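Chain by chain, the residues:
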Amino acid sequence: MLEPDVVPAPRRERKKRQTRDALIAAALDLFEAKGYEHTAVHEITDAVDVSERTFFRYFASKEDLALSFIQEGAQLVRERLAARPPEEAPLDAMRAAVRESVAELTARSPVLQAEPTYLRIVKLIDSTPVLLAAQLRLTHDEDDGVVRALAKREGVDPATDLRPRILAAAFGALVFLATREWRTGGAHDVEAMLAQLDTYAAQLGPALAGHWDRPAG
């Protein structure tokens, strides 16, 4: 299990997080039962017994709610990447940053500690064209932050050095492949997802380094 060193939040912050998580949990139930497009904001708030005004304190829209963990996780990855030891290789730093961000995110939000929740979010996005397009836009926008963080820690100029952008793009592809295999596999906990990512990341170097042990002749 992931065991992040997270300082308990003040009571007010915990209550706000509980309300936010309750809205997300209710929305996921409704999206699965009725479909994303056919679920209204007032139905989500009715399920939690809060006002629509309360909903909009936490989320700008249904789309914002559905992608909230993706967006929050991307921000944490940038922060954790910037804080990784400077002697760590870029790919190793990326892997560690993702693991740390997932640990912190699940610690912040008990709703994510239920094993199927990540999977439900991934399936919702994959099955909803408007959310899939929004996720692609979000990923594209967040890539620039990752590129800058990689370039800064390696002391290079991303305008002239292509390596930060290449690694960010390659790592994004690894995350996609690992998530796809994870959601169709047998184990659906967060640790299994990270294990799939580690497996793919470990093969990035060998995949790019010459031939792949092909038979002679």
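This is a predicted model, so every value here is computed, not measured.

Pairing is possible between side chains of opposite charge, provided their charged atoms come close. Taken as a whole, this structure holds 18 salt bridges when the rule is applied. When the shortest N-O distance is used, the salt bridge between Glu63 and Arg137 registers 3.5 Å. Of this pair, Glu63 sits in helix H4 (residues 62-66) while Arg137 sits in helix H8 (residues 129-154), placing them 74 residues apart in sequence. When its relative accessible area of 26% is taken as the criterion, Glu63 is described as partly exposed. Among the ionic contacts, a cluster of salt bridges with common partners joins Arg95, Arg99, Glu191 and Asp198.

Counted under the stated rule, the structure contains 4 aromatic pairs. Relative to Phe56, the ring of Phe55 lies with its centre 5.1 Å away and its plane at 80°, an arrangement referred to as edge-to-face. Seen in terms of ring centroids, Phe55 and Phe59 are 5.6 Å apart; in terms of plane orientation they differ by 50°. Their pairing is tilted. Phe59 matches Phe55 in its accessibility class, with the two residues each being buried. What links up through ring pairs into an aromatic cluster is the set Phe55, Phe56, Tyr58 and Phe59. Lying over the aromatic face of Phe69, Arg20 brings its terminal NZ or CZ to 5.5 Å of the ring centre. Residue placement shows Lys62 over the ring face of Tyr36; its charged tip is 4.4 Å from the ring centre.

Rules behind the numbers
- Residues numbered from 1 in each chain as written.
- Predicted model: local features only at pLDDT ≥ 70, side-chain atom pairs only at ≥ 80, totals over all residues.
- Heavy atoms only, no water.
- Salt bridge = Lys/Arg side-chain N within 4 Å of Asp/Glu carboxyl O.
- Helix = DSSP H or I, 4+ residues; strand = E, 2+ residues; numbered from the N terminus.
- Buried < 20%, exposed > 50% of the residue type's maximum accessible area, 1.4 Å probe, protein only.
- Phe/Tyr/Trp six-rings, centres within 6.5 Å; stacked < 30°, edge-to-face > 60°.
- Lys NZ or Arg CZ within 6 Å of the ring centre and 35° of its normal.

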